[in-house]
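Chain residues, written in single-letter form:
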Amino acid sequence: MEWLSNVGNLVLGTGGDAETKPEPGGVAIVANAASSDGGADAAAQAALAEEELAALGLGDSRDGYLAEVGKVLLQPSKIGKYIGMDMTSIASVPLFINEPFSMLQKMAEIMEYTALLDAANAAEDPFERLALVAAFLVSPFGAAERTWRPFTPLLGETFELEALGSGVRFLAEQVSQQPPVSVAHAESGAFTYDIVSAPATKFQGNSLEVYPKGRTRITLRRTGELFSHVPPQAKVHNLVLGRTWIDSFGTFLVTNNATGDKVQLDFKPCGWFGAGQYEFDGHVLDAAGNARSVLSGKWNSHVDLTPCGADGAPAEGAEPRRLWTCAAKPEDDPYGCTHFAWDLNSCKFLSKPPLASDSRRRGDRHALEKRELSAAGAEKAALEERERGAKKAQEERGQEWQARWFEPAPDMQVLPGEEPADVVPLWRWNGRYTQTRDGMPAGEGSWQDEVCGKGFNFPDEEL
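We now turn to the structure provided with this report. Quick caveat: nothing in here was measured; it's all calculated off a predicted structure. (Residues numbered from 1 in each chain as written. Predicted model: local features only at pLDDT ≥ 70, side-chain atom pairs only at ≥ 80, totals over all residues. Heavy atoms only, no water.)

### Description of the pattern of salt bridges
Then comes step 1: The tally for this structure, following the rule as stated, stands at 27 salt bridges.
Then comes step 2: Put simply, Asp286 and Arg292 hold a salt bridge, and the shortest N to O gap is 3.2 Å.
Then comes step 3: Where Glu384 meets Lys380, a salt bridge forms, and the shortest distance between an N and an O atom there is 3.1 Å. Here Glu384 pairs with Lys380, and both are found in helix H11 (residues 373-396), just 4 residues apart, close to one helical turn. A single burial state applies to Glu384 and to Lys380, both of which are buried. (Salt bridge = Lys/Arg side-chain N within 4 Å of Asp/Glu carboxyl O. Helix = DSSP H or I, 4+ residues; strand = E, 2+ residues; numbered from the N terminus. Buried < 20%, exposed > 50% of the residue type's maximum accessible area, 1.4 Å probe, protein only.)

Right under this line is the structure:
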């Protein structure tokens, strides 16, 4: 089928397809290809592609689609020049490998287990506090086995949560597209949480190395202690051919910057026949490097804390204490998502309508959630065309886009172990969202019905 060749070219950005009109099927399922208005033409082209996909008899099998596309992608003439490159900025992707969530929503999934930070804030023992913070930072790995790709946020796109756990509020904003940078802030009476995410990747043909470069900081309200975090590396195996799966491996580090105490864990790489898959172990260490307790478990299921002796081995007869258990996941979920992830696609954690720039409102994301690939392609094309138009209009006015809820912080100190500012930029929460949100009117009637897939707009109707 000719559309397979077009998909292969467009995924890898080859052949100058942005300047020429590919076959209809290729246009329909690729993120950056559609008619200029994203309307009837794009929808018709998407329908043609969907018919051809159905003709393959693959059902909902993403692996089956990728196997067909892989026959095109893994040709040396197409793939060779991309080996070793960072794909976060250069690759367009077909919608059938997406999941119906934005990257900002995926960043919010760590908020499922904020009770761990509540417990850390209340704990009297400094090493217990550190262990609980570390368990919280392991917890998002429980949702990290998904191999579907989230939607890349548009510039200025946001995602917000409130009334979560013990009064937690969360807001994320996309502050850069090239390179992609997402920033988020959460707060409650027990803690503040700040993250700057600027991931990098390295394409290896049939695998993708993922470097989760970022800056994560957590402050406990009661003690004022500031914790920083360096996560391990990840790798997506069988990206195009075979069953796609993800492994996380390397050093996981949490530092209490007030005391110098640390948690250092070793995430084991998966060996032959799955040996060691998901496993990790390590220690809670005091500032002098002495082991105070053992942390171990599987990053997709649980974290255990066990007292240890001076040699770092678990104390004889000591019973492990389970700090975190991953919540059960839905059975037969097409995307392998958690119950909490699906809740993020609803208005469950909102007391009033979200900002117009909220990810829930994206029509392409909502259409994909309903498994309507044709409509998702048309909606995505229309959004991206609007984005280009808004950017062009702003450039003509001589204006520069500015984030609304965060601001650059060149004066902020880079903590030991963190990436330098030229790798992960320094951003600070400006606090304006809280006042803005409190001043927004409450929704009327069934306002929840007017959120998902409806009313998305760029900040201030422009970039």
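### Comments concerning unusual backbone geometry
When glycine is set aside, most residues are seen to have a negative phi, and most peptide bonds are trans.
Then comes step 1: Gln178 connects to Pro179 through a cis peptide bond whose omega is 0°.
Then comes step 2: Positionally, Pro179 belongs in the loop between strand S4 (168-177) and strand S5 (180-187).
Then comes step 3: In this model, Tyr278 sits at a positive phi of 75°, which is unusual for a non-glycine residue.
Then comes step 4: For Tyr278, a relative accessible area of 18% gives the class buried.
Then comes step 5: Of note in the backbone geometry, Arg371 takes a positive phi value of approximately 65° without being a glycine.
Then comes step 6: Take Arg371: it is sitting in the loop between helix H10 (363-369) and H11.

### Describing the nonpolar core
Across soluble globular proteins, nonpolar side chains have a tendency to be buried as a group.
Then comes step 1: Met111 and Leu295 are the most contacted members of the largest nonpolar core, which totals 54 residues.
Then comes step 2: With 10 residues, the top contributor of residues to this core is helix H8 (residues 126-138).
Then comes step 3: By size, the runner-up hydrophobic cluster in this structure holds 16 residues, among which are Ala198, Leu355, Trp405 and Trp427. (Core = buried A, V, L, I, M, F, W, Y, C linked by side-chain atoms within 4.5 Å.)

### Focus on the pairing of strand S14 (residues 279-285)
On a regular strand, one side chain projects to one face of the sheet and the next to the other, so that they alternate.
Then comes step 1: As judged from the 6 bridges shared by strand S13 (residues 262-267) and S14, these two strands associate in the antiparallel manner. Bridge pairing links Lys262 to Leu285 in S14.
Then comes step 2: Note: S14 against strand S15 (residues 291-298), 7 bridges, orientation antiparallel. Across the sheet, residue Gly282 finds its bridge partner in S15, namely Leu295.
Then comes step 3: In textbook terms, the turn of a hairpin is the stretch between consecutive antiparallel strands, and for S14 and S15 this stretch comprises 5 residues, one of which, Gly289, has a positive phi near 90°. (Pairing = 2+ DSSP bridges.)

### A word on the pairing of strand S12 (residues 245-256)
Then comes step 1: Counting buried positions along S12 gives 9 out of 12 residues, so the element sits mostly inside the fold.
Then comes step 2: Note that strand S10 (residues 226-230) and S12 share 4 bridges and pair antiparallel. Residue pairing across strands places Val230 opposite Leu253, the latter belonging to S12.
Then comes step 3: Relative to S12, strand S11 (residues 233-237) is paired through 5 bridges, and the arrangement is antiparallel. The partner of Gln233 across the bridge, within S12, is Phe249.
Then comes step 4: Judged from the 6 bridges that link them, S12 and S13 form a sheet pairing that is antiparallel. Opposite Gly250, over in S13, you have Phe267 as the bridge partner.
Then comes step 5: Where S12 hands over to S13, the hairpin turn is made up of 5 residues, of which Gly260 adopts a positive phi near 85°.

### Points about the packing of aromatic side chains
Then comes step 1: One pass over the structure, following the stated rule, counts 15 aromatic pairs.
Then comes step 2: Centre to centre, the rings of Phe252 and Phe267 are 5.5 Å apart; their planes meet at 10°, and the pair counts as stacked. A residue pair is termed long-range when its members are at least 10 positions apart, and Phe252 in strand S12 and Phe267 in strand S13 qualify at 15 residues. Note on accessibility: Phe252 and Phe267 belong to one class, buried. (Phe/Tyr/Trp six-rings, centres within 6.5 Å; stacked < 30°, edge-to-face > 60°.)

### Regarding the side chain of Asp304
Then comes step 1: Positionally, Asp304 belongs in strand S16 (residues 302-307).
Then comes step 2: A distance of 2.2 Å separates the side chain of Asp304 from the side chain of Arg322, its partner in a polar contact.
Then comes step 3: Leaving out residues up to four positions away in the same chain, Asp304 has contacts with Val294, Leu295, Ser296, Pro320, Arg321 and Arg322. (Polar contact = N/O pair within 3.5 Å; in protein donor to acceptor, adjacent residues only side chain to side chain. Contact = heavy atoms within 4.5 Å.)

### A short note on the side chain of Ser102
Then comes step 1: Along the chain, Ser102 falls in strand S1 (residues 98-102).
Then comes step 2: A polar contact of 2.9 Å, which involves the side chain of Ser102, links it to the side chain of Ser359.

### Notes on the environment of Trp401
Then comes step 1: Examined against the element boundaries, Trp401 turns out to sit in the loop between H11 and strand S18 (406-408).
Then comes step 2: Take Trp401: its relative accessible area is 18%, and that puts it in the buried class.
Then comes step 3: Taking the C-alpha atoms as reference, Trp401 lies 8.9 Å from Leu155; in sequence the two are 246 residues apart.

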